[in-house]
Amino acid sequence: PVYQRICDLGYTYVQSNGVHQSEFLVLNFNNEKGSFKGGMGFDSMQSAYDYIESEFNFKFTQELKSNYIKIVNVYKEMGANENIQIDSFIYKDEETNELKLYQLVEVNYRKTMGLVINSLCEHYQASKIEFRVTHTSQYENQLGWKKISPPDNKFNSYIKINFSIVTGK
């Protein structure tokens, strides 16, 4: 079925040689074709959950949180001992108008852009960071955006640190 997606998420379980180190959640920004255009990272899982609840009015229950670990454990049983990212999305159920989590779109058993976003958040010691990738210079002169890609790069990368969102709510 086609769902009315509200936001895309990437849950990453960080491990090295099977030893759990951390976990994090990013909002992924994808275009209408599903191509990655950037994301938003947070300083903690709780910060991510709080942001999603305040911005989208969706609450992560303990069951939903533990389902990510159940998926991770299936991959660990198959021998996965490095980073595991689970892509998911929040959608609006057209029959009930409730927001729901489609928890498993795909699993990436590799380094991902979510790791890049999380690393930027850690590097800048940011509570929240937005990262964008574009072939244009659209963020070049916008307040709060910093270009982090080298000059003359085919794609430009920008970050915005510890910003606030104005939603009209």
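Scroll up for the structure.
Keep in mind that what you see is a predicted model, and the values were worked out from it rather than measured.

S.K.: What exactly am I supposed to notice about the nonpolar core here?
M.R.: In globular proteins that are soluble, nonpolar side chains generally tend to be buried together. In terms of nonpolar packing, the biggest core is built from 26 residues, with Leu9, Leu25 and Phe60 touching the most fellow members. Broken down by element, the residue count for this core peaks at five residues, all from helix H1 (residues 45-56). Beyond its immediate sequence surroundings of up to four residues, Phe60 is in contact with Leu9, Leu25, Tyr49, Ile52, Lys65, Tyr68 and Leu101. Within the second largest apolar cluster, 11 residues are counted, among which are Phe24, Ile117, Ile129 and Ile159.

S.K.: What's the story with the side chain of Gln103 in this structure? I'm lost.
M.R.: Relative to the helices and strands, Gln103 is located in strand E5 (residues 99-108). Assessed through its relative accessible area of 11%, Gln103 is described here as buried. Engagement of the side chain of Gln103 in a polar contact is seen with the backbone oxygen of Leu64, the distance being 2.7 Å. Among all residues touching Gln103, those that are not within four sequence positions of it are Leu64, Asn67, Tyr68, Ile71, Ile86, Asp87 and Ser88.

Conventions adopted
Residues numbered from 1 in each chain as written. Predicted model: local features only at pLDDT ≥ 70, side-chain atom pairs only at ≥ 80, totals over all residues. Heavy atoms only, no water. Core = buried A, V, L, I, M, F, W, Y, C linked by side-chain atoms within 4.5 Å. Buried < 20%, exposed > 50% of the residue type's maximum accessible area, 1.4 Å probe, protein only. Helix = DSSP H or I, 4+ residues; strand = E, 2+ residues; numbered from the N terminus. Contact = heavy atoms within 4.5 Å. Polar contact = N/O pair within 3.5 Å; in protein donor to acceptor, adjacent residues only side chain to side chain.

Keep in mind that these numbers describe shape and distance, not what the molecule does.
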